[in-house]
Amino acid sequence: MKRRAFIRKNGAFTLLAPFATLSFDPLNFSSSKSGSGKPDWLLEMISNNDGGVRRILERYVDDQASTYYGAVLDGFEMATAHSLTSFLKAGICALVSPESEFYNDQELRKKIALSCSFFLSLQHEDGTIDLVSTNFHSTPDTGFIVKWLAPVWRLLDTSEVAVKESITIPLKQFLLKAGEGLKVGGIHTPNHRWVVSSALTELYKINADPGYLSRVEEWLAEQIDLDEDGQYEEKSSYIYSSLSDRVLISIARGLDKPELLDYVYKNLKMNLFYLHPNGEIVTEASGRQDNSIIGTLEYYYYPFRYMALKTGDGQFAAACKLIEETCFNKTTGFLYYFLEDPSLWEELPTAKALPMDYAKVFHNSNLIRIRRGGYDASILSGSTVFFTFHKKELALQGLRFASAFFGKGQFSADTYKIENGKYILSSQLSGPYYQPFPKEKIPGDGDWSKMPRSERRKSEIQQLNSTVTIQEEDNGFSIDIAITGTDNVPVALELIFRPGGTFSGTVPHEGMKETVFLKDGMGKYTGNGSSITFGPGLYKHKWVAIRGALPKMDSPTAFLTGFTPIHHKLNIS
């Protein structure tokens, strides 16, 4: 099964798991610059990087008797290429920055040099490294590391850091050997093509090997995987779309291919309609591991800033300001972009308002986005979570329902349509029984596996038809749920909220934490100075762990229950 298909089929079991309450510490950067010409935001990024270096040094192995001497351990106490890369990237950025507390620090320089030696021991003969959590002798993961380390190698090579050769020589050895692997190695996913191409582009600035360029052209010949909506194939709005933007900019700049920037521009424009009021980004349509996680825009800071300065787009400038206000401390890992390219220090163009009032359909992602000022909603087809609602700092992270229909009643829309302002999601299920196997085909040995259902006649076929009709109401939405076909089927509807609030108007479930029933009237979820109202309630039974349904999430959840036929209108505001 393809990776994306696997996640779409199975990812719902971990859906919504990484809930966390976000708090923002807005930063108001002035337009002033330091004596070096660096703007305030860049000085803040350098300071944040220093903090990162200090934290990494706590995991540095300084014991000469250890087989890990010179390594950096990860959270599982393993010395990996990726834990070392985090140290090399952050440490070199600190070494070369005059504003850093570690500028030209010889103790840090010695530690990085030792890490480079250990780093070489992790590299295979084919030039690749391992991503020990899953990929071994991995060309794409080598590409990730090279695209990070080639720029910091250049920063160090052109710096005035003393005895820098103790780092540049072994690190260049690693990079050039990696380049040999990147010229021939394969990939797994769509974005890997552009990661490897970016890595080769960055290497070409160090070593003008024509083989690098030939391999890039082989990958680029496949064409960029951007759909008509402006989204990449993996639909990974938090992780891999931003990655594709960054690496395509790298290739466009390094190999003079400005046409690649058109794809970046279209993706950034699309993402402006993926924003929640608090600066988070919609992730529910993703086909990768960021599906339904809480994501902010830090990975887009470099693309938005570069393209704002390149095109003069005021909305991109506004997106940069939004990132600075909501998640700037998470941008530190991209410091090397801004140290190497002073053109990014320029003042942004005048900000233009971001989209705040719209209803927009993204057909290729089976996603409908609606925003009305301070609240927004996502409607999804082909997903077990078919509706989300964000209001200030509160979030209804998911609305879903399941019926006990032959163990397969978890609702996920097969189709959707839009009629007169109504968004209509539909699903049809059937539950057959099977007649005796054709007599002439019976194998005679009693082996059940040789008598498949596909060759048996179906009978007593039961049907279950589910239709969800969503439309806008004052300050929110109405959601009309109709389930018909087979009578007396138990159903449970769940409203899954982000932690941090409290319920009112509801009745606690006696055996489950953070779980309530809305038996009648309207319920309310309140927190962070806001509230989400939902109802009216419905309560016909207390069975919420419906057979065949997805497990309850580890989050505050309100249940409505009933039996088919059901026709219930839920209001959310």
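Placed above this text is the structure.
Residues numbered from 1 in each chain as written. Predicted model: local features only at pLDDT ≥ 70, side-chain atom pairs only at ≥ 80, totals over all residues. Heavy atoms only, no water.

Draft legend 1. Quick peek at the nonpolar core. Within the largest apolar cluster, 114 residues are counted, with the highest numbers of intra-cluster contacts made by Ile112, Leu175, Phe304 and Phe338. Looking at this core element by element, the count peaks at 10 residues for helix α3 (residues 81-96). Ile112 has contacts with Phe87, Leu88, Gly91, Ile92, Leu95 and Ile167, leaving out every residue within four places of it along the chain. Grouped together as the second largest cluster of nonpolar side chains are 40 residues, Ala377, Phe389, Val468 and Leu493 included. (Core = buried A, V, L, I, M, F, W, Y, C linked by side-chain atoms within 4.5 Å. Buried < 20%, exposed > 50% of the residue type's maximum accessible area, 1.4 Å probe, protein only. Helix = DSSP H or I, 4+ residues; strand = E, 2+ residues; numbered from the N terminus. Contact = heavy atoms within 4.5 Å.)

Draft legend 2. Quick look at the packing of aromatic side chains. As enumerated under the stated definition, the model contains 35 aromatic pairs in all. Where Tyr274 meets Phe362, the ring centres are 5.2 Å apart and the plane angle is 75°; that geometry is what we call edge-to-face. Placement of the pair is Tyr274 in the loop between α10 (261-271) and α11 (301-311) and Phe362 in strand β3 (residues 357-362), with a sequence separation of 88 residues. Each member of the pair Tyr274 and Phe362 is classed as buried. On the numbers, 5.6 Å between centres and 40° between planes, the contact of Tyr375 with Phe389 is tilted. You can see Tyr375 sitting in strand β5 (residues 375-380) and its partner Phe389 sitting in strand β6 (residues 387-391), a full 14 residues away along the chain. Phe389 carries the same exposure label as Tyr375, and that label is buried. Every member of this aromatic cluster is reached through a ring pair, and the members are Trp41, Tyr238, Tyr299, Tyr301, Tyr302, Tyr306, Phe328, Phe334, Tyr336, Tyr337 and Phe338. Looking at Lys89, its charged tip hangs above the ring of Trp148, at a distance of 5.0 Å from the centre. Above the plane of the ring of Phe316 lies Lys269, whose end atom (NZ or CZ) is 5.2 Å from the centre. (Phe/Tyr/Trp six-rings, centres within 6.5 Å; stacked < 30°, edge-to-face > 60°. Lys NZ or Arg CZ within 6 Å of the ring centre and 35° of its normal.)

Draft legend 3. Structural view of helix α5 (residues 139-157). Across its 19 residues, α5 extends 25 Å between first and last C-alpha, which sits within 8% of the 27 Å expected from 1.5 Å per residue. Among the 19 residues of α5, 17 are classified as buried, and the element is accordingly described as predominantly covered. (Expected span 1.5 Å × (residues − 1).)

Draft legend 4. Just a nonpolar patch on the surface, in detail. A surface patch of nonpolar side chains, amounting to about 440 Å² of accessible area, comprises Phe76, Met78, Val132 and Phe136. For Val132, the position within the fold is in the loop between β1 (129-131) and β2 (135-138). (Patch = residues over 30% accessible without salt bridge, like charges linked within 9 Å, V, L, I, M, F, W, Y side chains within 5 Å. Areas by Shrake-Rupley, 256 points an atom, 1.4 Å probe, with all protein chains shown as cover. Salt bridge = Lys/Arg side-chain N within 4 Å of Asp/Glu carboxyl O.)

Draft legend 5. Molecular detail of the packing of helix α9 (residues 240-254) against α10. Look at α9 against α10: their axes get within 9 Å of each other, and the N-to-C directions meet at 155°. With respect to α10, the element α9 is oriented roughly antiparallel. Handedness of the α9/α10 crossing: left-handed. In this structure, α9 uses Ser241, Asp245, Leu248, Ile249 and Ala252 to contact α10, whose residues at the interface are Leu261, Tyr263, Val264, Asn267 and Leu268. Split by residue class, the contact of α9 with α10 holds 7 nonpolar, 2 polar and 1 charged. (Axes fitted to C-alpha atoms, helices over the stretch in contact; angles between N-to-C directions. Parallel < 35°, antiparallel > 145°, perpendicular 65-115°, else oblique. Left-handed = near helix turned anticlockwise from the far one by under 90°. Nonpolar A, V, L, I, M, F, W, Y, C, P; charged D, E, K, R; others polar.)

Draft legend 6. Inspection of the environment of Ile145 at higher detail. The topology assignment puts Ile145 in helix α5. Sequence-wise, Ile145 and Ser86 are 59 residues apart; in three dimensions their C-alpha atoms are separated by 9.3 Å. Contacts of Ile145, omitting those with residues within four sequence positions, involve Ala81, His82, Thr85, Phe119, Ile129 and Phe174.

Draft legend 7. Quick peek at the sheet that holds strand β10 (residues 422-434). With antiparallel pairing, the 8 strands of this open sheet are ordered in space as β9-β10-β11-β12-β20-β18-β17-β14. What marks the edges here is a single partner per strand, and that holds for β9 (415-419) and β14 (502-504). Each neighbouring strand pair of the sheet contributes to a mean axis angle of 20°, computed without reference to strand direction. Pairing of strand β18 (residues 530-535) with strand β20 (residues 566-572) involves 2 bridges; the strand directions are antiparallel. When the bridges of β20 are listed, Gly535 appears paired with Asn571. (Pairing = 2+ DSSP bridges.)

Draft legend 8. Examining the side chain of Arg498 more closely. Among the structural elements, Arg498 can be located in the loop between β13 (490-497) and β14. A relative accessible area of 6% places Arg498 in the buried class.

Draft legend 9. Broad picture of the packing of α3 against helix α4 (residues 106-121). Contact geometry for α3 and α4: axes closest at 10 Å, N-to-C directions at 150°. Judged by the inter-axis angle, α3 sits roughly antiparallel to α4. Between α3 and α4 lies a crossing whose hand is left-handed. Here α3 contributes Ala81, Leu84, Thr85, Phe87, Leu88, Gly91, Ile92 and Leu95 to the contact with α4, which in turn contributes Leu108, Arg109, Lys111, Ile112, Ser115, Cys116, Phe118 and Phe119. Grouping the amino acids of the contact of α3 with α4 by side-chain chemistry returns 11 nonpolar, 3 polar and 2 charged.

Draft legend 10. Highlighting the layout of surface pockets. Approximately 1,300 Å³ is the volume attributed to the largest pocket. Taken together, 42 residues form the lining of the largest pocket, with His82, Ser86, Lys89, Trp148 and Tyr299 sitting closest to its centre. For the lining of the largest pocket, the elements supplying multiple residues, two or more each, are α2 (40-57), α3, β1, α5 and α9. Among the elements that line the lining of the largest pocket, the one with the most residues is α3, at 7 residues. Residues of the lining of the largest pocket, tallied by class, amount to 15 nonpolar, 16 polar and 11 charged. (1 Å grid on protein atoms, 1.4 Å probe; cavity = no way out; pocket = protein on both sides within 12 Å on 5 of 7 lines; lining within 4 Å. Points joined across faces, edges and corners; volume = space filled by probe spheres on them.)

Draft legend 11. Representation of the environment of Glu324 in the model. Tracing the backbone shows Glu324 in helix α12 (residues 314-326). For Glu324, a relative accessible area of 3% corresponds to the buried category. Along the backbone, Glu324 and Trp41 are 283 residues apart, and their C-alpha atoms lie at a distance of 8.3 Å. A distance of 2.6 Å separates polar atoms of two side chains, one belonging to Glu324 and the other to Tyr301. (Polar contact = N/O pair within 3.5 Å; in protein donor to acceptor, adjacent residues only side chain to side chain.)

Functional significance is not addressed by these values, which are geometric in nature.
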